[in-house]
Amino acid sequence: MKVILLRDVPNVGKAGTIQSVSDGFARNYLIPQRLAEPATPDRVAVAQARLAAQRRRIERAEQALRDLAQRLEGFRVVIPARVGESGRLYGSITGRDIAERLSQLVGHEIDRRVVELEEPIRSLGEHRVPIHLVGSLRPTVIVEVVPEEGGRAGENE
(Lines give C-alpha, C1' and ligand atoms only; values in the text may rest on other atoms or scores of the structure.)
Protein backbone atom coordinates (compact mmCIF):
# COMPACT_ATOMS: atom_id res chain seq x y z
CA MET A 1 0.00 0.00 0.00
CA LYS A 2 1.29 3.46 -0.82
CA VAL A 3 1.12 6.04 1.97
CA ILE A 4 2.19 9.65 2.47
CA LEU A 5 4.18 10.03 5.66
CA LEU A 6 2.96 12.86 7.88
CA ARG A 7 5.93 12.55 10.27
CA ASP A 8 9.42 11.08 10.10
CA VAL A 9 9.21 7.34 10.74
CA PRO A 10 12.49 5.51 11.52
CA ASN A 11 13.44 2.89 8.92
CA VAL A 12 10.52 3.97 6.69
CA GLY A 13 11.08 7.57 5.51
CA LYS A 14 10.82 11.28 6.15
CA ALA A 15 7.69 13.38 6.50
CA GLY A 16 6.05 14.29 3.19
CA THR A 17 7.50 11.40 1.22
CA ILE A 18 5.44 8.73 -0.51
CA GLN A 19 6.41 5.23 0.65
CA SER A 20 5.29 1.74 -0.21
CA VAL A 21 4.63 -0.33 2.93
CA SER A 22 2.75 -3.53 3.72
CA ASP A 23 -1.03 -3.21 3.98
CA GLY A 24 -1.13 -4.40 7.59
CA PHE A 25 1.61 -2.01 8.72
CA ALA A 26 -0.24 0.90 7.11
CA ARG A 27 -3.73 -0.04 8.39
CA ASN A 28 -2.74 -1.21 11.88
CA TYR A 29 0.05 1.20 12.79
CA LEU A 30 0.87 4.13 10.51
CA ILE A 31 -2.67 5.40 9.81
CA PRO A 32 -4.14 4.94 13.35
CA GLN A 33 -1.07 6.63 14.89
CA ARG A 34 -1.50 9.52 12.42
CA LEU A 35 2.00 8.93 11.08
CA ALA A 36 0.72 8.47 7.51
CA GLU A 37 -2.32 8.78 5.27
CA PRO A 38 -3.35 6.73 2.23
CA ALA A 39 -1.79 7.98 -1.01
CA THR A 40 -4.85 9.01 -3.02
CA PRO A 41 -4.24 11.00 -6.25
CA ASP A 42 -5.40 14.28 -4.64
CA ARG A 43 -3.22 13.83 -1.56
CA VAL A 44 -0.24 12.83 -3.71
CA ALA A 45 -0.57 16.08 -5.70
CA VAL A 46 -0.69 18.13 -2.49
CA ALA A 47 2.32 16.26 -1.04
CA GLN A 48 4.36 16.80 -4.22
CA ALA A 49 3.53 20.52 -4.24
CA ARG A 50 4.57 20.74 -0.57
CA LEU A 51 7.88 18.96 -1.30
CA ALA A 52 8.59 21.25 -4.26
CA ALA A 53 7.96 24.34 -2.11
CA GLN A 54 10.25 22.97 0.59
CA ARG A 55 13.02 22.31 -1.97
CA ARG A 56 12.71 25.91 -3.24
CA ARG A 57 12.98 27.25 0.34
CA ILE A 58 16.10 25.16 0.97
CA GLU A 59 17.68 26.32 -2.32
CA ARG A 60 17.07 29.99 -1.40
CA ALA A 61 18.53 29.44 2.06
CA GLU A 62 21.56 27.67 0.53
CA GLN A 63 22.20 30.62 -1.79
CA ALA A 64 22.01 33.04 1.13
CA LEU A 65 24.38 30.99 3.31
CA ARG A 66 26.87 29.87 0.62
CA ASP A 67 29.19 32.79 1.45
CA LEU A 68 29.19 31.88 5.15
CA ALA A 69 29.88 28.23 4.32
CA GLN A 70 32.94 29.19 2.27
CA ARG A 71 34.26 31.33 5.15
CA LEU A 72 33.68 28.53 7.67
CA GLU A 73 35.29 25.72 5.62
CA GLY A 74 38.62 24.93 7.31
CA PHE A 75 38.16 27.77 9.82
CA ARG A 76 40.23 27.27 12.98
CA VAL A 77 38.59 27.93 16.35
CA VAL A 78 40.81 27.95 19.43
CA ILE A 79 38.97 27.23 22.68
CA PRO A 80 40.87 27.44 25.97
CA ALA A 81 39.79 24.91 28.61
CA ARG A 82 40.70 24.08 32.19
CA VAL A 83 42.94 21.03 32.31
CA GLY A 84 44.00 18.71 35.12
CA GLU A 85 47.54 17.53 35.77
CA SER A 86 47.05 14.42 33.65
CA GLY A 87 45.99 16.49 30.61
CA ARG A 88 42.25 15.68 30.86
CA LEU A 89 39.71 18.47 30.67
CA TYR A 90 37.61 19.57 33.61
CA GLY A 91 34.20 19.27 31.98
CA SER A 92 33.91 19.25 28.20
CA ILE A 93 33.52 21.42 25.09
CA THR A 94 29.94 21.27 23.78
CA GLY A 95 28.21 22.37 20.60
CA ARG A 96 27.04 25.50 22.42
CA ASP A 97 30.65 26.47 23.27
CA ILE A 98 31.72 26.01 19.65
CA ALA A 99 28.70 27.93 18.30
CA GLU A 100 29.29 30.87 20.66
CA ARG A 101 32.99 31.08 19.77
CA LEU A 102 32.26 30.81 16.02
CA SER A 103 29.61 33.54 16.28
CA GLN A 104 32.13 35.87 17.94
CA LEU A 105 34.87 35.19 15.39
CA VAL A 106 32.79 35.18 12.19
CA GLY A 107 30.31 37.92 13.10
CA HIS A 108 27.30 35.82 12.09
CA GLU A 109 24.96 34.13 14.57
CA ILE A 110 25.57 30.36 14.58
CA ASP A 111 22.92 28.26 16.32
CA ARG A 112 24.19 25.50 18.63
CA ARG A 113 21.90 22.97 16.93
CA VAL A 114 23.79 23.20 13.61
CA VAL A 115 27.04 22.04 15.24
CA GLU A 116 27.15 18.29 14.53
CA LEU A 117 29.05 17.03 17.54
CA GLU A 118 28.45 13.32 18.22
CA GLU A 119 29.63 13.70 21.79
CA PRO A 120 31.23 16.55 23.74
CA ILE A 121 34.97 17.07 23.30
CA ARG A 122 36.88 15.90 26.37
CA SER A 123 40.50 16.05 25.22
CA LEU A 124 43.10 18.58 24.14
CA GLY A 125 44.11 18.88 20.49
CA GLU A 126 42.47 19.38 17.11
CA HIS A 127 38.99 18.08 16.34
CA ARG A 128 37.14 18.31 13.00
CA VAL A 129 33.54 19.37 13.53
CA PRO A 130 30.94 19.60 10.72
CA ILE A 131 28.50 22.51 10.76
CA HIS A 132 25.15 21.74 9.05
CA LEU A 133 23.94 25.16 7.90
CA VAL A 134 21.12 24.13 5.54
CA GLY A 135 20.54 21.52 2.85
CA SER A 136 23.86 20.27 1.53
CA LEU A 137 25.95 23.08 3.07
CA ARG A 138 28.12 21.31 5.66
CA PRO A 139 31.44 23.10 6.12
CA THR A 140 33.95 21.54 8.51
CA VAL A 141 35.69 23.69 11.12
CA ILE A 142 38.77 22.75 13.09
CA VAL A 143 38.31 23.12 16.84
CA GLU A 144 41.61 23.32 18.71
CA VAL A 145 41.29 22.82 22.45
CA VAL A 146 44.24 24.33 24.33
CA PRO A 147 45.02 24.54 28.06
CA GLU A 148 43.81 27.68 29.77
CA GLU A 149 46.62 30.00 30.91
CA GLY A 150 46.92 29.66 34.70
CA GLY A 151 43.16 29.18 35.11
CA ARG A 152 41.67 27.70 38.26
CA ALA A 153 38.20 26.37 38.88
CA GLY A 154 35.63 29.19 38.93
CA GLU A 155 37.78 31.88 37.28
CA ASN A 156 36.58 33.75 34.20
CA GLU A 157 38.68 34.63 31.15
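Look up a bit, the structure's there.
Keep in mind that this is a model prediction, so the values were computed, not measured.

What counts, and at which threshold
Residues numbered from 1 in each chain as written. Predicted model: local features only at pLDDT ≥ 70, side-chain atom pairs only at ≥ 80, totals over all residues. Heavy atoms only, no water. Helix = DSSP H or I, 4+ residues; strand = E, 2+ residues; numbered from the N terminus. Rg over C-alpha atoms; globule rule 2.2 N^0.38 Å. Core = buried A, V, L, I, M, F, W, Y, C linked by side-chain atoms within 4.5 Å. Buried < 20%, exposed > 50% of the residue type's maximum accessible area, 1.4 Å probe, protein only. Contact = heavy atoms within 4.5 Å. Pairing = 2+ DSSP bridges. Axes fitted to C-alpha atoms, helices over the stretch in contact; angles between N-to-C directions. 1 Å grid on protein atoms, 1.4 Å probe; cavity = no way out; pocket = protein on both sides within 12 Å on 5 of 7 lines; lining within 4 Å. Points joined across faces, edges and corners; volume = space filled by probe spheres on them. Nonpolar A, V, L, I, M, F, W, Y, C, P; charged D, E, K, R; others polar. Expected span 1.5 Å × (residues − 1). Arc of directions from axis to C-beta. Phe/Tyr/Trp six-rings, centres within 6.5 Å; stacked < 30°, edge-to-face > 60°.

**Section: the overall build of the protein chain**
Then step 1. In terms of helices and strands, the protein chain carries three helices and eight strands.
Then step 2. The order of helices and strands in the protein chain, counted from the N terminus, is β-β-α-β-α-β-β-α-β-β-β.
Then step 3. The C-alpha radius of gyration computed for the protein chain amounts to 22 Å, which surpasses the reference 15 Å derived for 157 residues by more than 25%, pointing to a less compact arrangement than a globule.
Then step 4. The principal-axis extents of the C-alpha atoms in the protein chain amount to approximately 65 × 35 × 20 Å.

**Observations concerning the nonpolar core**
Then step 1. Membership of the largest hydrophobic core comes to 24 residues, with the highest contact counts inside it found for Leu72, Ile93, Ile98, Leu102, Val129, Ile131 and Val143.
Then step 2. Listed by contribution, the elements that provide at least two residues to this core are helix H2 (41–72), strand E4 (76–81), strand E5 (88–93), helix H3 (95–106) and strand E8 (140–147).
Then step 3. In terms of residue count, H3 provides more of this core than any other element does, four residues in total.
Then step 4. Among all residues touching valine 129, those that are not within four sequence positions of it are Ile98, Val115, Glu116, Leu117, Ile121, Pro139, Thr140, Val141 and Val143.
Then step 5. With eight residues, the next largest nonpolar core counts Val9, Val21, Leu30 and Ala36 among its residues.

**With respect to the sheet that holds E8**
Then step 1. Reading across from one edge, E4-E8-E7 is the order of the three strands in this open sheet, with mixed pairing throughout. Here the strands that pair on one side only, and so sit at the sheet edges, are E4 and strand E7 (125–130). Recorded for the sheet is a direction-independent mean angle of 30° between the axes of neighbouring strands.
Then step 2. Summarising the sheet, E7 and E8 pair through six bridges and their orientation is antiparallel. Bridged to valine 129 within E8 is valine 141.
Then step 3. Its contacts with the sheet place H3 against E4, E7 and E8, and it is angled at close to 125° to E4.

**What about the layout of surface pockets?**
Then step 1. For the second largest pocket, the calculated volume is near 180 Å³.
Then step 2. The class makeup of the residues in the lining of the second largest pocket is three nonpolar, two polar and three charged.

**Details of H3**
Then step 1. In this model, H3 (twelve residues) spans 16 Å end to end at C-alpha, consistent with the 16 Å of a helix rising 1.5 Å per residue.
Then step 2. Within the span of H3, buried status applies to Gly95, Ile98, Ala99, Leu102, Ser103 and Val106. One face of H3 carries all of its buried residues, which in axial projection span an arc of 135°.
Then step 3. Residues of H3 that are buried make contact with H2, E4, E5, strand E6 (121–123), E7 and E8.

**A short note on unusual backbone geometry**
Then step 1. At asparagine 11, a residue that is not glycine, the phi angle is positive and equals roughly 65°.
Then step 2. Along the chain, the position of asparagine 11 falls in the loop between strand E1 (2–5) and strand E2 (18–20).
Then step 3. Residue asparagine 11 is classed as exposed on the basis of its relative accessible area, which comes to 86%.
Then step 4. Backbone geometry places arginine 34, a non-glycine residue, at a positive phi of 60°.
Then step 5. Inspection of the secondary structure puts arginine 34 in the loop between helix H1 (23–30) and strand E3 (36–38).

**Considering the packing of aromatic side chains**
Then step 1. One pass over the structure, following the stated rule, counts one aromatic pair.
Then step 2. Consider the rings of phenylalanine 25 and tyrosine 29, whose centres lie 5.5 Å apart with planes at 20°: the pair is stacked. Note that phenylalanine 25 and tyrosine 29 are positioned in helix H1 at a spacing of four residues, about one turn of the helix.

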